[in-house]
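Below, each chain spelled out in residue letters.
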Amino acid sequence: PEERKDPEAANESPTPSRSRKVRVLSGVLLGDFLHNLVDGFFIGAAFANCDTSMAWTITAATVYHELAQEISDYLVLTNKDQGDLKPFMALGLNFLSGMSVLFGVCIVLSAEPSNFSTGCLLAYGAGVYLQIAATEC
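What comes next concerns the included structure. Computed from a predicted structure; not experimentally measured. (Residues numbered from 1 in each chain as written. Predicted model: local features only at pLDDT ≥ 70, side-chain atom pairs only at ≥ 80, totals over all residues. Heavy atoms only, no water.)

Observations regarding the packing of aromatic side chains
Here the structure, examined in full by the defined rule, presents three aromatic pairs. Taking the centre distance of 5.9 Å and the plane angle of 50° together, the rings of Phe42 and Tyr124 count as tilted. Linking Phe42 in helix α2 (residues 18-49) with Tyr124 in helix α6 (residues 115-136), this pair joins segments that are 82 residues apart in sequence. (Phe/Tyr/Trp six-rings, centres within 6.5 Å; stacked < 30°, edge-to-face > 60°. Helix = DSSP H or I, 4+ residues; strand = E, 2+ residues; numbered from the N terminus.)

See the structure below:
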């Protein structure tokens, strides 16, 4: 009996294919952009209707949970089997996707949300942070 080989396995090379790199890069960078945008919504909601101390506490919690996320994104982007970017390029793209947090803050602050809307945004954000704490820490 003749052994059949997987045609993709025969074409495997030590470097990732262009389509795989595009999938990894777009998934990491677009996902991080949207994640940070939503974090900006939470921060903006906190500054819109909470006192300054609470708003800065929420901002600090957001920054702390982002540290591990951004480090892991950088590692994926620079890994030769995944993103295969040069370190400076990975830092630059990661920084640009991280700037979406400012867009989120600006969107919420310019919308002037009601107390109810702010409460809903903060409750959702608290749930997200509790889920992260329960599953990742």
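So, a nonpolar patch on the surface
A cluster of nonpolar residues, Val63, Tyr64 and Leu67, forms a patch on the protein surface that exposes about 330 Å² of accessible area. Within the secondary structure, Leu67 sits in helix α3 (residues 52-78). (Patch = residues over 30% accessible without salt bridge, like charges linked within 9 Å, V, L, I, M, F, W, Y side chains within 5 Å. Areas by Shrake-Rupley, 256 points an atom, 1.4 Å probe, with all protein chains shown as cover. Salt bridge = Lys/Arg side-chain N within 4 Å of Asp/Glu carboxyl O.)

Quick notes on the packing of α2 against α3
The interhelical angle for the contact between α2 and α3, taken along N-to-C directions, is 175°, at an axis separation of 10 Å. In this view, α2 runs roughly antiparallel relative to α3, as classed from their interaxial angle. Listed contacts from α3 to Val24, Leu25, Val28, Leu29, Asp32, His35, Asn36, Asp39, Phe42, Ile43, Ala46 and Phe47 of α2 are Ala55, Trp56, Ile58, Thr59, Thr62, His65, Glu66, Gln69, Glu70, Asp73, Val76 and Leu77. Class assignment of the residues belonging to the contact of α2 with α3 gives a composition of 13 nonpolar, six polar and five charged. (Axes fitted to C-alpha atoms, helices over the stretch in contact; angles between N-to-C directions. Parallel < 35°, antiparallel > 145°, perpendicular 65-115°, else oblique. Contact = heavy atoms within 4.5 Å. Nonpolar A, V, L, I, M, F, W, Y, C, P; charged D, E, K, R; others polar.)

Side note on the side chain of Thr59
As for its placement among the helices and strands, Thr59 is situated in helix α3. Among all residues touching Thr59, those that are not within four sequence positions of it are Ile43 and Phe47.

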